[in-house]
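Observations on chain architecture
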Amino acid sequence: MNHDNQNQYSAESIQVLEGLEAVRKRPSMYIGDTGSRGLHHLVYEVVDNSIDEALAGFCSEITVTINANNTITITDNGRGIPVDMHEKEGKSALEVVLTMLHAGGKFSKESYKVSGGLHGVGVSCVNALSSQLIAEIHRDGKVYKQEYSRGAPLSDVKEVGTTDNTGTIITFAPDSEIFTQTTSFNYDILAARLRELAFLNKGVQLSITDNRIAESSDNGDNEGNTGRHQEVFYSDSGLLEFVSYLDGTRVKLTEKPIYLEGNKGGFPIEIAMQYNTGFSENIHSYVNNINTIEGGTHLSGFRRGLTTTLKNYAEKSGALAKLKFDIDPSDFREGLTAIISIKLAEPQFEGQTKTKLGNSEVVGAVSQAVTTALENYLEENPRDAKLIVDKVILAATARHAARKAREMVQRKTVMSGSGLPGKLSDCSDRDPSKCEIYLVEGDSAGGTAKSGRDRTFQAILPLRGKILNVEKAMEHKVFENEEIRNIYTALGVTIGTEEDSKALNLQKLRYYKVIIMTDADVDGSHIATLILTFFFRYMQDLIKNGHIYIATPPLYLVKKGKEESYCWTEEERKAAIELIGKGKESNLHVQRYKGLGEMNAIQLWDTTMNPANRVLRQVTIDNAAEADRIFSMLMGDEVPPRRDFIEQHAKYANIDA
Ligand code: 0RA
């Protein structure tokens, strides 16, 4: 380092530390939250920087390793973070990148920096939130290394060897002082994101390795960490492969997907779409690799291009002449799986979760690109074109049938008090933020829950047997289904608009916690998944707003005389046997709970419903495209590993604070 600048250097390093201290003080402002989501965000942040190197043309391989001690190592074969002296800051560029907020962008003006998008908080945030971080740089034939703790460098950059390669290797340990809920990385969550990134950035290889030892527990406690996994993700044809991956278990309507890739509007656009014989609309949009779950101008452009082009074609072909009612834009999207990915130098993100694209110039460019590609496709594939038009007409016809059924739901929901379902045992409190509703499998468990609950704030709605599989049913069947109508009515949720039955009005939501409570067995998991599928397809906003939970009844009761202990995991059972039975199981009565029905009202309250003891798992959507694929797979024709699924997607959450 430059000794002439000693004073300036130390002064600046204090300032820098203050910068990162802000990140440690309010981590949620930088990474969203300090739960599981924020934890995984750390990995994405570093990977995004490597993806930037790839987009700039300097990197082709990125690896993520979950090490045995649950630290993370991310490597890339990019140029390597520069290590030369940064004149203005008086320290190495590496240290600047890792210790100064938003310092990454100061160096390169490469277009479409992913790290400049939604998550663009920089690797320095990862550094600030890690108890230890080691950066190893391969550059100019040399290997450089620097280590940090909670954002502070432990020494200057050291030269530690020579190399023939270039690249960056970052290893970090998430700080348990910050991530108090969990510091355990979930393989499946990381793998899903890397797979998505491989589809979105064709030609870049991303791989993941889990070097942790598998845990013995089979109850979901290990959050998908089954140890010693490895997967390599690489896509030659990008979104084309993404669409066929998502539609893996759906039946294709047309032989060929529709694909376009271009740069006409002054920015890269890539779109792939495929019609299937199903009824749901599965359109996922991305800007700079960020999933824009709230949509925005690129999605509007896509919809506009799709509607106008198909409508024109259908009109010209005379197919609409027989139709006695108007065709609606949504009719063109039924059974459509599509991915829209654009890259923008200066994206403007709006909306509640900052995932809605605002740039107005994008609408026309995307719409134009879609029109051109789609017109060509329809021209060149007249048989597929006819299949698509027929499907749109079928969708319009079904929509008319659905409207009647839906209006009945609406009418019922508008009524107050007496309009509630007869099977609902409501609570007395009228403040939705304090109230919760248990959706319980079967009338008998419903009865137990009703006796066990605290009726001031807990409502019970028993559901009969297996609820409708909405994945396979047309919309009007869904709205005609009594159990589903009861859910709408009990929750006070109304359907937003005539055009979009999935747009909800949540203003009259009667309970802020909607808790699915089923048996802890295969059947129970299936029923929970059916209910979740309904929420995912028809009330997704409830999931996104964090209203949906899964109750977790205990698996065991370990008992000796008056001493008893409920256990949710294998480990807890062993610990209880140790504690109560002094290691001898023969002294004890160990009961395995198979269903809610084996508990009496008091036990159910104590273990599963009392906010002081219970464990609720909040349902989140970590990766919308992957969730979409999984629901279509689980609820399609194949016999699914449903229990695994639920355990993967419902994570422990500290929500009773
Ligand atoms: C600053 C400038 C340059 C590259 C990077 C940072 C960089 C950061 C990360 C983080 C993970 N992998 C990375 N790879 C590169 C430009 C380098 C140059 O101009 O040579």
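Thresholds applied
- Residues numbered from 1 in each chain as written.
- Predicted model: local features only at pLDDT ≥ 70, side-chain atom pairs only at ≥ 80, totals over all residues.
- Heavy atoms only, no water.
- Helix = DSSP H or I, 4+ residues; strand = E, 2+ residues; numbered from the N terminus.
- Buried < 20%, exposed > 50% of the residue type's maximum accessible area, 1.4 Å probe, protein only.
- Contact = heavy atoms within 4.5 Å.
- Core = buried A, V, L, I, M, F, W, Y, C linked by side-chain atoms within 4.5 Å.
- Expected span 1.5 Å × (residues − 1).
- pLDDT = per-residue confidence, 0-100.
- Pairing = 2+ DSSP bridges.
- Axes fitted to C-alpha atoms, helices over the stretch in contact; angles between N-to-C directions.
- Phe/Tyr/Trp six-rings, centres within 6.5 Å; stacked < 30°, edge-to-face > 60°.
- Near = heavy atom within 4 Å.
- Polar contact = N/O pair within 3.5 Å; in protein donor to acceptor, adjacent residues only side chain to side chain.
- Areas by Shrake-Rupley, 256 points an atom, 1.4 Å probe, with all protein chains shown as cover.
- Parallel < 35°, antiparallel > 145°, perpendicular 65-115°, else oblique.
- Left-handed = near helix turned anticlockwise from the far one by under 90°.

**Some details on the overall build of the protein**
- For the protein, the helix and strand inventory stands at 19 helices and 29 strands.
- Looking at the 657 residues of the protein, the share that counts as buried comes to 56%.
- A separation of at least 24 residues holds for 71% of the contacts in the protein among residues at least 6 apart in sequence.

**Looking at unusual backbone geometry**
- Despite not being glycine, Asp-140 shows a phi value in the positive range, around 55°.
- Following the sequence through the fold, Asp-140 ends up in the loop between strand E5 (130-139) and strand E6 (142-149).
- Taking relative accessible area as the criterion, Asp-140 reaches 60% and is therefore assigned exposed.
- Residues other than glycine seldom take positive phi values, yet Lys-354 does so here, at roughly 55°.
- If you trace the backbone, Lys-354 turns up in the loop between strand E17 (349-350) and strand E18 (356-357).
- Lys-354 gets classed as partly exposed once you look at its relative accessible area, which sits at 45%.

**Describing the nonpolar core**
- Of all hydrophobic cores here, the largest spans 49 residues; its most connected members are Val-43, Val-47, Ile-72, Ile-74, Phe-172 and Leu-206.
- For this core, the element with the most residues is helix H3 (residues 36-55), which contributes eight residues.
- Filtering out sequence-adjacent residues up to four positions away, Val-43 remains in contact with Val-64, Ile-72, Ile-74, Phe-172, Phe-185 and Leu-190.
- Ile-484, Phe-536, Ile-548 and Ala-627 belong to the second largest nonpolar core, which has 48 residues in total.

**A look at H3**
- With 20 residues, H3 should cover 28 Å at 1.5 Å per step; its first-to-last C-alpha distance of 28 Å lies within 8% of that length.
- By the criterion of burial, H3 is predominantly enclosed, with 17 of the 20 residues buried.
- Once H3 finishes, Gly-57 follows within two positions and takes phi at roughly 95°, a positive value.

**Here we look at the confidence of the model for the protein**
- Across the protein, the average pLDDT comes to 87, with 86% of residues at 70 or higher.
- Contacts of residues 1-11 to residues separated by more than four positions or lying in other chains number 10 contacts, the stretch itself having pLDDT below 50.
- In the model, residues 649-657 has pLDDT below 50 throughout and makes 30 contacts with residues more than four positions away in sequence or in other chains.

**Focus: the sheet that holds strand E25 (residues 556-560)**
- The sheet built from three strands is open, its strands ordered E26-E25-E27 with antiparallel pairing. Strands with a single pairing partner mark the edges of an open sheet, and in this sheet they are strand E26 (563-567) and strand E27 (589-592). Here the strands of the sheet are splayed against their neighbours by 15° on average, with no regard to which way each runs.
- Where E25 lies against E26, five bridges are found, and the strand directions are antiparallel. The residue of E26 that forms the bridge with Tyr-556 is Cys-567.
- On top of the sheet, helix H16 (residues 570-581) reaches E25, E26 and E27; it is set at about 165° to E26, its chief contact.

**Thoughts on the environment of Gly-419**
- Turning to its location among the elements, Gly-419 is positioned in the loop between helix H10 (382-414) and strand E19 (436-441).
- Linking Gly-419 and Thr-489, residues 70 residues apart in sequence, is a C-alpha distance of 7.6 Å.

**A closer look at the sheet that holds strand E12 (residues 258-262)**
- With respect to topology, five strands assemble into an open sheet ordered E12-E13-E16-E14-E15, the strand pairing being mixed. Only two strands of the sheet have a single partner each, and these edge strands are E12 and strand E15 (290-291).
- Two elements, strand E13 (residues 269-275) and strand E16 (residues 336-342), share seven bridges in a ladder whose sense is antiparallel. The partner of Ile-271 across the bridge, within E16, is Ile-340.
- Lying over the sheet, helix H8 (residues 297-316) contacts E13, strand E14 (282-287) and E16, oriented at roughly 130° with respect to E16.

**Regarding the packing of aromatic side chains**
- Summed over the entire model, instances satisfying the criterion amount to 11 aromatic pairs.
- With 5.4 Å between their ring centres and 40° between their planes, Phe-199 and Tyr-245 make a pair best called tilted. In this pair, Phe-199 is assigned in helix H6 (residues 187-200) and Tyr-245 in helix H7 (residues 239-246), connecting sequence segments 46 residues apart.
- Geometrically, the ring pair formed by Phe-242 and Tyr-286 is tilted, given 6.3 Å between the ring centres and 40° between the ring planes. Taken together, the residues Phe-242 in helix H7 and Tyr-286 in strand E14 connect sequence positions 44 residues apart.
- Exposure remark for Tyr-286: the relative accessible area of 0% places this residue in the buried category.

**Some remarks on the site of the ligand**
- In the region of the ligand, 10 residues are neighbours, and Asn-49, Glu-53, Asp-76, Ile-81 and Arg-139 sit closest.
- Take Asp-76: an N or O atom from its side chain is 2.6 Å from a nitrogen atom of the ligand.
- Here an oxygen atom of the ligand and a side-chain polar atom of Arg-79 are 3.4 Å apart.
- In isolation the ligand offers 460 Å² of accessible surface; the protein chains occlude 86% of this area.
- Per-element accounting of the shell around the ligand gives the leading share, three residues, to H3.

**Section: the packing of helix H14 (residues 522-538) against helix H18 (residues 624-634)**
- The interhelical angle for the contact between H14 and H18, taken along N-to-C directions, is 135°, at an axis separation of 11 Å. Taken together, the axes of H14 and H18 are oblique relative to one another. The way H14 lies across H18 gives a crossing that is left-handed. Contacts between H14 and H18 involve Thr-529, Leu-532, Thr-533, Phe-536 and Arg-537 from the former and Ala-624, Ala-627, Asp-628, Phe-631, Ser-632 and Leu-634 from the latter.

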